[in-house]
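# Notes for the structure review
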Amino acid sequence: MNLDFKNKKVLVRVDFNVPLNDKFKITDDTRIKSALPTIKKILKDGGAVILMSHLGRPQKKLNEDGSINVKKFTLEHLVKHLSTKLKVKVKFCKETVGKEATKAAKSLKKGEVLLLENTRFNKGETKGDTKLAKEMSKHGDLYVNDAFGTAHREHASTATVAKYFKKSEKSAGLLLQKEIENANRVLNNPARPVTAIVGGAKVSDKIMLLEKLMNLANNIIIGGGMAYTFIKAKGGLTGNSLVEEDKVKLASRLLAKAKKKGVKIYLPKDSIIADAFSDKAKKDTVYSMRIRKGWMGLDVGPKAQKEFAAVIEKSKTILWNGPMGVFEMKPYAKGTMAIAKAVAKATSKGAFSLVGGGDSVAAVNQMGLSDKVSYVSTGGGAMLEFLEGKELPGIKAIN
Ligand code: AMP
């Protein structure tokens, strides 16, 4: 953030897309907390901050008469909490652009913070509309993008708006910079051995990541639902496990490619299986290659946990994306927990660990281990795409 903020109005795109309960109380403020350093820095340097963010998908959940459900999706729900965190009384405007928003931004003084209404109340936002972006740009002398979680979207407030600022008038925020630095520590010249842990539901969501890892990792641990497509590719019996039939060939190809490149792939030797997708189902522990008809693998078993942990603890760089099982249900959370502990242990011995994308972030937070890993990313899809090697529109626009 090499900009001079003194006496400047700074338009900052943050990712305040936080979860709210039915009383509109914030249930996890990680995303707000992560954006505070950027906001505080601008205020400290003598600027005024105009914040833009989206919250949820208001255009997909319209009222019956086709209007926006303002009550549910307004960013006003965040004002009190943000004011407390910043120790500044945050002003709120019921528009993102328009007469009122222009007036509110114009009258904002140095040291003050204005939060504009949900960017996605405007139809043009997700279409990257130039007219909307131009209106947004008029609010600030400078533009800072700190919304890493939305950086993979080419929207009006994340990408198009940056066109209306000169190179010397725009920058990445501190969070965005930190996310990029940490991802690059894995991607560029990482300390070896590098171990990637990939889990979650589907192979199809992680194909690009797996391809990329073939040129990066020494070890790839595959768990979660996606492991069973690979087990099937190896000729295993998978019962009712989550297998993507149309990806079995691809899994075979990936296994062969890894072998050729000397990348070691670890699949779960054993699995916790259940006779239904429920925490109350009948359970058993079996070799993953021999899952009975009518049963499904819902977590990695104790042998797999032990083997995975041993590989992780010998690693110098660790990337983790996706849980090892259906960790939301207690009986199938042990595998993910074992991995989280192993990653924490390796980190305490000096490894660099990045937990990014997918539900592994939720798992690490749930287990209270987020302080015991090197970095937990705030961006699910965005981190995944960055690791895959894609250029994110939100980053491209400010560079
Ligand atoms: P992702 O968003 O790709 O990281 O996937 C996370 C989801 O995968 C979680 O909701 C898990 O419950 C689910 N999952 C993990 N392991 C399995 C499994 N063995 N069978 C079915 N779903 C799974």
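Residues numbered from 1 in each chain as written. Predicted model: local features only at pLDDT ≥ 70, side-chain atom pairs only at ≥ 80, totals over all residues. Heavy atoms only, no water.

## So, the pattern of salt bridges
Applying the stated rule across the entire model yields 17 salt bridges. Arg13 is the salt-bridge partner of Glu125, the closest N and O atoms lying 3.6 Å from each other. One end of the pair, Glu125, is in the loop between strand 4 (113-116) and helix 5 (130-137); the other, Arg13, is in strand 1 (residues 9-13), and 112 residues separate them in sequence. Of the two residues, Glu125 and Arg13, neither departs from the other in class, the shared state being buried. As a salt-bridge pair, Lys41 and Asp45 come within 2.7 Å of each other at their nearest N and O atoms. A cluster of three or more residues bridged by salt bridges with shared partners is formed by Glu211, Arg253 and Lys257. (Salt bridge = Lys/Arg side-chain N within 4 Å of Asp/Glu carboxyl O. Helix = DSSP H or I, 4+ residues; strand = E, 2+ residues; numbered from the N terminus. Buried < 20%, exposed > 50% of the residue type's maximum accessible area, 1.4 Å probe, protein only.)

## Thoughts on the nonpolar core
Residues Leu210, Ile220, Ile222 and Phe230 are the most contacted members of the largest nonpolar core, which totals 75 residues. Looking at this core, you find at least three residues from each of domain 1 (9-178) and domain 2 (189-386). Ranked by size, the runner-up nonpolar core spans 27 residues in total, among them Phe5, Leu36, Val49 and Leu115. (Core = buried A, V, L, I, M, F, W, Y, C linked by side-chain atoms within 4.5 Å. Domains from an automatic or database assignment.)

## What to know about the domain arrangement of the chain
Assigned domains within the chain: domain 1 (9-178) and domain 2 (189-386). A straight line from the C-alpha centre of domain 1 to that of domain 2 covers 35 Å. Taken together, the contacts link 7 residues of domain 1 with 8 residues of domain 2. Both faces considered, domain 1 and domain 2 share a buried interface measuring about 730 Å² in area, 63% of it formed by carbon and sulfur atoms. Summed over the shared surface of domain 1 and domain 2, the result is 0 salt bridges. (Contact = heavy atoms within 4.5 Å. Buried area = accessible area lost by both parts, 1.4 Å probe.)

## A closer look at a positive patch on the surface
Residues Arg57, Lys60, Lys61, Lys72 and Arg153 make up a contiguous surface patch of positive charge. Of note, Lys72 is situated in helix 2 (residues 70-73). (Patch = residues over 30% accessible without salt bridge, like charges linked within 9 Å, V, L, I, M, F, W, Y side chains within 5 Å. Areas by Shrake-Rupley, 256 points an atom, 1.4 Å probe, with all protein chains shown as cover. Lys, Arg positive; Asp, Glu negative; His and termini not counted. Charge placed at Lys NZ, Arg CZ, Asp CG, Glu CD.)

## Comments concerning the packing of helix 10 (residues 302-313) against helix 11 (residues 334-348)
Here helix 10 crosses helix 11 at 20°, and the two axes come no closer than 9 Å. Here helix 10 is positioned roughly parallel relative to helix 11, judged by the angle of their axes. Between helix 10 and helix 11 lies a crossing whose hand is right-handed. Residue-level inspection shows Gln305, Phe308, Ala309, Ile312 and Glu313 of helix 10 in contact with helix 11, the latter providing Lys334, Gly335, Ala338, Ile339, Ala342, Val343, Lys345 and Ala346. Along the lines of polarity and charge, the residues of the contact of helix 10 with helix 11 split into 8 nonpolar, 2 polar and 3 charged. (Axes fitted to C-alpha atoms, helices over the stretch in contact; angles between N-to-C directions. Parallel < 35°, antiparallel > 145°, perpendicular 65-115°, else oblique. Left-handed = near helix turned anticlockwise from the far one by under 90°. Nonpolar A, V, L, I, M, F, W, Y, C, P; charged D, E, K, R; others polar.)

## As for the packing of aromatic side chains
The description of an aromatic ring pair uses the distance of the two centres, along with the angle that the planes make with each other. This structure, assessed with the given rule, holds 1 aromatic pair. A centroid spacing of 5.7 Å and a plane angle of 25° characterise the contact between Tyr143 and Phe165, whose relative ring orientation is stacked. Of the two residues, Tyr143 is situated in strand 5 (residues 142-145) and Phe165 in the loop between strand 5 and strand 6 (170-172); the sequence distance between them amounts to 22 residues. (Phe/Tyr/Trp six-rings, centres within 6.5 Å; stacked < 30°, edge-to-face > 60°.)

## Here we look at the sheet that holds strand 14 (residues 296-300)
Taken together, 3 strands build an open sheet; the order of strands is 12-11-14 and the sheet is antiparallel. The open sheet is flanked by strand 12 (283-287) and strand 14, the only strands paired with a single partner. Strand-to-strand, the axes of this sheet are offset by a mean angle of 40°, without reference to chain direction. Note that strand 11 (residues 270-274) and strand 12 share 5 bridges and pair antiparallel. Counted as the bridge partner of Ser271 is Val286 from strand 12. (Pairing = 2+ DSSP bridges.)

## Here we look at helix 13 (residues 380-387)
Taken as a whole, helix 13 has its buried residues at Ala382, Met383, Leu384, Phe386 and Leu387. In this fold, the buried residues of helix 13 make contact with helix 6 (174-187), helix 7 (207-213), strand 15 (317-321), strand 16 (352-355) and helix 14 (393-396). Directly beyond the C-terminal end of helix 13, a positive phi value near 100° is found at Gly389.

## Regarding the side chain of Arg13
What makes Arg13 buried here is its relative accessible area of 0%. Within the local environment of Arg13, its side chain forms a polar contact with the side chain of Ser157, the two groups lying 2.7 Å apart. (Polar contact = N/O pair within 3.5 Å; in protein donor to acceptor, adjacent residues only side chain to side chain.)

## With respect to the sheet that holds strand 6
Each strand in a sheet pairs with another by means of backbone hydrogen bonds, the pair being arranged parallel or else antiparallel. Pairing is parallel in the open sheet, where 6 strands are placed in the order 3-4-2-1-5-6. With one partner strand each, in any of the chains shown, strand 3 (91-93) and strand 6 form the two edges of the open sheet. Along the sheet, successive strands turn relative to each other by an average axial angle of 20°, direction set aside. Of the pairings in the sheet, the one linking strand 3 to strand 4 comprises 3 bridges and is parallel in character. What sits directly across from Cys93, in strand 4, is Leu116.

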